[in-house]
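Survey of secondary and tertiary structure
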Amino acid sequence: MKTNLKTLHAACLLALGVTPCAWAQEPSEMEEIVVKGLRASMISSLAVKRDGIRVADVVSAEDVGQFPDSNVAESLQRITGVSIDRSGGEGQFITVRGLGPEFNTVLVNQRTIATGNNGREFSFDSLSSEIISSAEVYKSAQASVQSGGIGSVVNISTARPFDYSEPKLVLSALGRYDELSESTTPELTGVGAWMNNDKTFGAMLSASYSERDAQIDSAGISGHLLAGDSQFIVGDENASGLGIANTITQPNGRIPRAFTFEREEQSRERLTVNGAIQSRPNEDLDITVDGLFSSFDIDSSAQRTSFFFEPSYLNAEFDANNTLLGFNNPGTDFYENNPLLAGPTPSPNDNVVTGYGRDEETYQVGVNLKYALSSNFEIVADISTSKAERSTFNPFIVVGSLSSTSPRFEVLNGQDIPTISNLSNIDDISAQRAHFTRVSTESIEDEIFESRLDAHWFVDAGALVKLSFGAFNTQREKSFQAARSQFRSIYSGYSFDVPDELLMPYMFDDFLSSASGSGSIPLQGFTFDIEEYFSFLNANLDAAPNQSQAQAAIAADISGEYGVYTPRNEPSQGFLVDETVTAIYFDTEWEGSLGDRLPWSANIGFRIAKTDTSSKGVDQPVIRFEESPGDTLLEVVRGPASEIEIENDYTNFLPSANFKLELTDEMILRFGYSETITRPTLTALGVGNSFGGRSFAPTSTGGNPELEAFESTNYDISYEWYFSDVGFFGAAFFRKEFEQFIETQTLLIPNDVTFDNGETRSVDFEDTRQRNGEKGSINGFEVAGQYAFDHLPGFWSGFGLGANFTYVESDIDRSVASGAQGCDYNGLSPRSYNINGFYQKDGFQARIAYNYRAAFLVQCFDEQAQPRHREEYGQLDMQVSYDINEMLQVFVEGVNLTNEQTRDYSIFNNRFLNYRETGARYSVGVRATF
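Keep in mind it's a predicted model, so treat the numbers as computed, not measured. (Residues numbered from 1 in each chain as written. Predicted model: local features only at pLDDT ≥ 70, side-chain atom pairs only at ≥ 80, totals over all residues. Heavy atoms only, no water.)

Let's shift gears to the overall build of the protein chain. Scanning the protein chain from terminus to terminus reveals six helices and 52 strands. By the compact-globule yardstick of 30 Å for 930 residues, the protein chain fits well, its C-alpha radius of gyration being 30 Å. Looking at the protein chain residue by residue over its 930 residues, the buried ones come to 57%. The long-range share in the protein chain, meaning contacts at least 24 apart out of those at least 6 apart in sequence, stands at 73%. Computing the positive centroid from 67 side-chain charges and the negative centroid from 130, the protein chain places the two 5 Å apart. (Helix = DSSP H or I, 4+ residues; strand = E, 2+ residues; numbered from the N terminus. Rg over C-alpha atoms; globule rule 2.2 N^0.38 Å. Buried < 20%, exposed > 50% of the residue type's maximum accessible area, 1.4 Å probe, protein only. Contact = heavy atoms within 4.5 Å. Lys, Arg positive; Asp, Glu negative; His and termini not counted. Charge placed at Lys NZ, Arg CZ, Asp CG, Glu CD.)

Have a look at this one:
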């Protein structure tokens, strides 16, 4: 007799790897087989995928407090079509089917969660995985689910007491070792669930606290500048008596802006608390109240050695792509021997103390009521509120010297990083001088109030089995405010001596040693205590070289922790955006059979969503642009501020249909059609404008409050074969057609700039902001498989394999004016795959996984308004655990076992941008279940 697989799948879902799943052999006998750990997660995930109508994938917890990975994004990347971006070596953002984080809506318990990011994208590194019961990735749309993701909708479900059959208490502790920082830090987790015998009341509380000391080593170029009228000198470093006749121009050349080596040291601290109360006072009413709190703080300090290339180049070598492959940047000796060419600042050697601090808090509280009015009609009401706050702190302080020699920069074919040679004064403490100083802060606040009312009518009308309809409202407010030092160039020019006692040698020990080209990296620089250095600067304002700024700073009477460098609010960069989304939907579900052998099911419906936005801010008209004294930085002189508000609205009709055909008891065909949207990021809707760059290469950026939603028409077809409770094979094809696609574009806008020598001339500003209007499409296919060797004898029956592969290609119809005709979609990797092997038997389980992502475009308009690409990347991770008994488990985890690095470039591989190393991480821990 055949087993009723749907019934057994449902039983496993209710168990969620906690209650044993009973698999029928004969109707009169039930043999109880306890399914836990990796296999419980796989069985549960495949059951949800199989029983649903639309195209979706699921990752389920192995047990209470046991998500498959310590980071939710790391687990999601094992799903077909999902790739991740990392921060400090930890998964932070996801890309689905080639569409980056801003195109994927992330919900927590089917609710929108606030985010401290600039956009709507959710940072998975801010959330502990121990509180998660499952994460579902919906790749095809359904009318009853929120709109907002043209890539996918991801729903993270937190654990609730009625998920479990009996009270539970799980405690775990681990020590994590970071290879680069050579530091071991703790992580502690507790999860408790209780319910009464009748399951009419239950409560659950979980908390996770972790620390991590991370180190990030990197080498980078701050973009490749268009040469324009830059001066290229024909002659060698030892020449003398050269003049303008010995110079040429290379107007279409691309030249590196600055070459930097940086070591960032981070202290990460994360606290996540989740609680839920469930009540079932009678069989018709379920009440759930739950709350989530997350605090994620990064204390960051970074030491940088930087070689800033002023716009004068000696012995320049270009390739056929107009990439500058090698040159000397003239030093003081060269200009002394060639006074007719003097003007640009001699090549500087900079010691930079900086940091990228991030403090973020997020909470969400919600109430859900599910009430059955009759045996076939129920309503669900849900109200939630969520808030996120993020603040950043970024000092940028430069102490340096002018090189007497002319440093040589070279890009050598096949090397990971360029080389720098012919250096001088970098280890001479007496040559160090004060230069640029700035402190910047930013704050973002995101607040959401959301309400939803759903009605479900289970009908008996032939093929029609269910009618669903409802209304939805989200009110969201996001604000941004920036502050920075107003007087940054008081000491610029490398002329004011820094006392030796303020400086300390800094050694870049074992820095990027595995990278080819690293042999030329200067391993010594200088560092200093920030507080002591600010005290020194503030005490010597009357003697500062740029007295116009110094006296203006004194007159401004700025007080605070950093004296005249204390950040001051910049109203023109701040904004507040209000967004209200009101939606109604109607959804139907159908079931039937083609003949007697082919059961089918479907959902067909539509959603109508109206979006109203209001962007508020401050307009400060620009009086003039000028060059800062002693430097080439662009300074902006503004007029009085006035408030401004711009409103916008748009309505979208979003139909959807999904069809599921069961070819056999094991094989399924799915078809999907939908129209979806992604709304523009709220920060992109701001009215603020900011300016930066250099006087000869100025930039501007800001918001565009008139943006409307991205629009996508989607087609899906998939084949799935479930040949065992763990065994699976699937193939899917998808197509997305885009309208009103929003992308960041850079346009040239001329403005007058007054230079330090008094000359005023028109200079093209590279104005970068988001704009609507692009069209295009994405086509792709996915293949996935999973197999357990259950048929093998003894020890061998515990082994299994899994793999998936995704291929995506794109087509974009861009206007010439966009300046982005050569760009693909941001974040689109044409190929990605995951291969994993697992073992589970007799209390021992292990998994080793390799994830690969092909090269992709990170950003079309990055530094110097040029594209940023990232080379292909693969990472190997592993997990091993052993159940000592029913209560106690020990485990070991390894992340990035082979210490892979990322490498970025711009258009051509030899236009190097960044090489970054975060190192491997290892964890050893123990978990106790009571």
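In this structure, the second largest pocket spans a volume of roughly 2,400 Å³. Every residue lining the second largest pocket is counted, 50 residues in all, and those nearest its centre are Q110, E136, Y138, S157 and K370. Among the residues forming the lining of the second largest pocket, the class breakdown is 14 nonpolar, 19 polar and 17 charged. (1 Å grid on protein atoms, 1.4 Å probe; cavity = no way out; pocket = protein on both sides within 12 Å on 5 of 7 lines; lining within 4 Å. Points joined across faces, edges and corners; volume = space filled by probe spheres on them. Nonpolar A, V, L, I, M, F, W, Y, C, P; charged D, E, K, R; others polar.)

Our next topic: the confidence of the model for the protein chain. For the protein chain, the mean per-residue pLDDT works out to 89, and 94% of the residues sit at or above 70. Every residue in residues 1-34 scores below 50 in pLDDT, and together they form 52 contacts with partners more than four places removed in sequence or on other chains. (pLDDT = per-residue confidence, 0-100.)

Mapped onto the elements of the fold, E450 is located in strand β26 (residues 433-461). A distance of 2.7 Å separates polar atoms of two side chains, one belonging to E450 and the other to T112. Residues contacting E450, with those up to four places away along its chain left out, are Q110, R111, T112, Q146, D382, I383, S384, F472, N473 and T474. (Polar contact = N/O pair within 3.5 Å; in protein donor to acceptor, adjacent residues only side chain to side chain.)

Turning our attention to helix α6 (residues 547-556). All of the buried residues in α6 are Q549, A550 and A553. Buried residues in α6, looked at end-on, bunch into an arc of 100°, giving them a common side. Exposed residues lying more than 90 degrees from the buried face of α6 are S548 and A555. Each element contacted by the buried residues of α6 is listed here: β35 (634-638). Phi turns positive, to about 55°, at D557, one or two residues after α6. (Arc of directions from axis to C-beta.)

Moving on: the sheet that holds strand β20 (residues 324-328). What the six strands build is an open sheet, ordered β15-β14-β19-β20-β24-β25; its pairing is mixed. The open sheet has two edge strands with one neighbour each: β15 (247-248) and β25 (419-421). (Pairing = 2+ DSSP bridges.)

This part takes up the state of the cysteines. Scanning the entire structure with this criterion turns up one disulfide. The partner cysteine of C823 in its disulfide is C860, sulfur to sulfur 2.1 Å. Judged by the torsion about the S-S bond (85°), the C823/C860 disulfide is right-handed. Placement of the pair is C823 in the loop between β43 (799-813) and β44 (831-841) and C860 in the loop between β46 (856-859) and β47 (868-870), with a sequence separation of 37 residues. (Disulfide = S-S within 2.5 Å.)

Right, let's talk about the packing of aromatic side chains for a bit. Considering all chains together, one arrives at 50 aromatic pairs under this definition. The interplanar angle of 55° and the centroid separation of 6.0 Å between the aromatic rings of Y839 and F844 together place this pair among those described as tilted. For Y839, a relative accessible area of 8% gives the class buried. These aromatic residues form a ring-pair network of at least three members: F232, F259, F261, F307, F309, Y313, F318, F327, F409, Y506, F508 and F511. Taking NZ or CZ as reference, R54 lies 3.7 Å from the ring centre of Y138, over its face. (Phe/Tyr/Trp six-rings, centres within 6.5 Å; stacked < 30°, edge-to-face > 60°. Lys NZ or Arg CZ within 6 Å of the ring centre and 35° of its normal.)

For the rest of this paragraph, the subject is the pattern of salt bridges. Enumeration according to the criterion identifies 45 salt bridges in this entry. Note that K168 is salt-bridged to E166, the shortest N-O span being 3.9 Å. The partly exposed category is assigned to E166, whose relative accessible area is 42%. As a salt-bridge pair, D446 and R476 come within 2.6 Å of each other at their nearest N and O atoms. Of this pair, D446 sits in strand β26 while R476 is found in strand β27 (residues 464-484), placing the two residues 30 residues apart along the sequence. (Salt bridge = Lys/Arg side-chain N within 4 Å of Asp/Glu carboxyl O.)

Bringing the sheet that holds strand β8 (residues 132-138) into the picture now. Read from one edge of the open sheet, five strands run β3-β8-β9-β6-β7, paired in mixed fashion. Among the strands making up the open sheet, the edge pair consists of β3 (56-60) and β7 (111-112). Bridge count for β3 against β8 is five bridges, and the pairing is antiparallel. Within β8, the position partnered with D57 by the bridge is V137. Against the sheet, helix α2 (residues 37-51) engages β3 and β8, with an angle of about 155° to β3. (Axes fitted to C-alpha atoms, helices over the stretch in contact; angles between N-to-C directions.)

Relative to strand β33 (residues 598-619), strand β32 (residues 575-594) is paired through 20 bridges, and the arrangement is antiparallel. Within β33, the residue paired with Y585 across the bridge is R607. The turn joining β32 and β33, which pair antiparallel and follow one another in sequence, is formed by three residues; a positive phi near 70° is taken by G595.

Quick look at α2 now. With 15 residues, α2 should reach 21 Å at 1.5 Å per residue; the first-to-last C-alpha distance of 22 Å fits that figure. Among the 15 residues that make up α2, 13 are buried, leaving the element largely enclosed by the rest of the structure. (Expected span 1.5 Å × (residues − 1).)

Taken together, the six bridges between strand β38 (residues 689-694) and strand β39 (residues 697-702) define a ladder with antiparallel strand orientation. For F691, the partnering residue across the bridge sits in β39 and is S700. Counted between consecutive antiparallel strands, the loop separating β38 from β39 contains two residues.

A few words on empty space enclosed by the protein. The full count for this structure, using the stated rule, is 13 cavities of 30 Å³ or more. In this structure, the largest cavity encloses a volume near 500 Å³. Contributing elements (two or more residues each) for the lining of the largest cavity: α2, β3, β42 (760-788), β43 and β44. Considering each element in turn, the lining of the largest cavity owes the most residues, six residues, to α2. Tallied by class, the residues present in the lining of the largest cavity amount to 10 nonpolar, 10 polar and five charged.

Moving on, we get to the environment of L594. Within the secondary structure, L594 sits in strand β32. Here the alpha-carbon distance between L594 and Y565, two residues 29 residues apart in the chain, equals 75 Å. Beyond its immediate sequence surroundings of up to four residues, L594 is in contact with W600 and L661.

Here we come to a negative patch on the surface. A cluster of acidic residues, E179, E182, D509 and D510, forms a negative patch on the protein surface. Along the chain, E179 turns up in the loop between β10 (168-178) and β11 (183-195). Its relative accessible area of 33% is what places E179 among the partly exposed residues. (Patch = residues over 30% accessible without salt bridge, like charges linked within 9 Å, V, L, I, M, F, W, Y side chains within 5 Å. Areas by Shrake-Rupley, 256 points an atom, 1.4 Å probe, with all protein chains shown as cover.)

What follows concerns unusual backbone geometry. You will see that E182, though not glycine, has its phi angle at about 55°, which is positive. Of note, E182 is situated in the loop between β10 and β11. Even without being glycine, N425 reaches a positive phi, approximately 70°. Along the chain, N425 falls in the loop between β25 and β26.

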